[in-house]
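Close look at the chain arrangement
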Amino acid sequence: MTHSAGPPPPGRRRPNLWHWLSPRGSRAFVLGVSMAVGGLAGGVRAAVAGEGIWTVVGVFGVGVAGVVLAVAWIVTYARER
């Protein structure tokens, strides 16, 4: 069956995946910056203190996730403005 050109039929439409993953509130930015600072500083501190490798990698992972969240918020903000 072929679809006709034009707008989709009325009713409920599913948003794309980026809509669900894009952080919209300023709280997401604050959370991302807090995670980034805490994770990266905590990872350095854990490495200097001689903690186990998995502890250091885990804390650095939180920092990297925070950086990703903050950058995603900035990209979303720039697209909307």
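Each value, and the rule that gives it
Each chain carries its own residue numbering, running from 1 in the written order of its sequence. pLDDT decides what is reported in this predicted model: residues at 70 or higher carry local features, side-chain atom pairs at 80 or more are listed and counted, and totals for whole chains, interfaces and linings draw on all residues regardless. Heavy atoms from the whole structure form the basis of all side-chain values; hydrogens and water molecules are not counted. Note on method: axes are straight lines fitted to C-alpha atoms, helices fitted across the in-contact stretch only, with angles between N-to-C directions ranging 0 to 180 degrees. Helix and strand definitions follow DSSP, with helices as H or I runs of at least four residues and strands as E runs of at least two, each counted in order from the N terminus. For classification purposes, an angle smaller than 35 degrees is called roughly parallel, one larger than 145 roughly antiparallel, one from 65 to 115 roughly perpendicular, and anything else oblique. Note on convention: near helix rotated counterclockwise from far helix by under a right angle means a left-handed crossing. Clockwise means right-handed. Each residue gets one of three labels, nonpolar for Ala, Val, Leu, Ile, Met, Phe, Trp, Tyr, Cys and Pro, charged for Asp, Glu, Lys and Arg, and polar for the others, Gly among them. Pairing of aromatic rings covers Phe, Tyr and Trp, the last through its six-membered ring, and needs centres within 6.5 Å; plane angles under 30 degrees mean stacked, over 60 mean edge-to-face, and all others mean tilted. We call a residue buried when its accessible area falls under 20% of the maximum for its residue type, exposed when it is over 50%, and partly exposed in between, using a 1.4 Å probe and counting protein chains only.

Re the packing of helix α2 (residues 26-49) against helix α3 (residues 53-80)
Where α2 meets α3, the closest approach of the two axes is 7 Å, and the angle between their N-to-C directions is 155°. In terms of orientation, α2 and α3 fall into the roughly antiparallel class. Crossing handedness for the pair α2 and α3: left-handed. Looking at the contact of α2 with α3, its residues break down into 20 nonpolar, eight polar and no charged.

Section: the packing of aromatic side chains
Considering all chains together, one arrives at two aromatic pairs under this definition. On the basis of an interplanar angle of 35° and a centroid distance of 4.7 Å, the ring pair of Phe29 and Trp73 is categorised as tilted. Taken together, the residues Phe29 in helix α2 and Trp73 in helix α3 connect sequence positions 44 residues apart. With a relative accessible area of 28%, Phe29 lands in the partly exposed category. With a centroid separation of 5.2 Å and an interplanar angle of 15°, the aromatic rings of Trp73 and Tyr77 are classed as stacked. Taken together, the positions of Trp73 and Tyr77, both in helix α3 and four residues apart, correspond to about one turn of that helix. Put simply, the rings of Phe29, Trp73 and Tyr77 touch in pairs and so form one group of aromatic residues.

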